[in-house]
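Each chain, letter by letter, is given below.
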Amino acid sequence: TLGSCGVLPCGVDPGSPVEEMDFSSAKIHKIFPNPIEDQVTIELNQNLDVEVSYILFNHKGDIVFSGVSSFENGKLNMQFIGDKLRRGFYYLHLRQGQETKIVRLIKQ
């Protein structure tokens with residue numbers, strides 16, 4: 001039988017499945033607190049250290065905040081300072097390369 005092409009990293013059993021750890025394969029595991037006040041923590045199911053660009057949209061699709069931040073050990077802590085966050089729904093787009101993850105947030 002033929003196996004998959006490629007090189008296995010050292011210490012990996014050739015019979016075990018290989019999972020690549022990157023932002024595109026990672027899933028959002030936890031978002032807290034939600035509803036938010038002015039900060040939020042997002043956890044991935046993988047311990048990644050990756051830089052992402054973000055855009056926070058309000059319910060009308062207007063950009064409220066944007067910038068660059070980083071996941072460290074699979075955690076991203078964001079703080080939204082100022083009076084731009086009013087009560088309602090927000091959509092946080094996290095982008096790294098071609099992958100975008102969208103998080104729905106509620107502001108109390």
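Everything below is about the structure shown above.
Described in the following lines is the structure provided in the data block. (Residues numbered from 1 in each chain as written. Predicted model: local features only at pLDDT ≥ 70, side-chain atom pairs only at ≥ 80, totals over all residues. Heavy atoms only, no water.)

Brief notes about the nonpolar core
Judged by nonpolar contacts, the single largest core of 23 residues is most densely connected at Leu56, Phe71, Phe80, Leu85, Leu92, Leu94 and Leu105. Among the secondary structure elements, those contributing two or more residues to this core are strand E2 (39–44), strand E3 (50–58), strand E4 (63–71), strand E5 (75–79), strand E6 (88–96) and strand E7 (99–107). Per-element accounting of this core gives the leading share, four residues, to E3. Here Leu56 is in contact with Asp62, Ile63, Val64, Phe65, Phe80, Leu85, Tyr90, Tyr91, Leu92 and Leu105, once residues within four sequence places are set aside. (Core = buried A, V, L, I, M, F, W, Y, C linked by side-chain atoms within 4.5 Å. Buried < 20%, exposed > 50% of the residue type's maximum accessible area, 1.4 Å probe, protein only. Helix = DSSP H or I, 4+ residues; strand = E, 2+ residues; numbered from the N terminus. Contact = heavy atoms within 4.5 Å.)

Description of the sheet that holds E2
Note: strands within a sheet are paired through backbone hydrogen bonds, in either parallel or antiparallel orientation. The strand order E1-E2-E5 describes an open sheet built from three strands, whose pairing is antiparallel. Whereas interior strands pair on both sides, the edge strands pair on one side only; in this sheet they are strand E1 (28–32) and E5. Strand-to-strand twist across the sheet, computed as the mean angle between neighbouring axes with direction ignored, equals 15 degrees. Note: E1 against E2, four bridges, orientation antiparallel. Following the sheet pairing, Ile31 is matched in E2 by Ile42. (Pairing = 2+ DSSP bridges. Axes fitted to C-alpha atoms, helices over the stretch in contact; angles between N-to-C directions.)

Looking at the sheet that holds E6
A sheet is described by the order of its strands in space; here four strands give the open sequence E4-E3-E6-E7, paired in antiparallel fashion. The strands lining the two open edges of the sheet, one partner per strand, are E4 and E7. Within the sheet, the average angular offset between the axes of one strand and its neighbour, ignoring direction, is 20 degrees. Where E6 meets E7, nine bridges bridge the pair, whose relative direction is antiparallel. Bridge assignment links His93 to a residue of E7, and that residue is Ile102.

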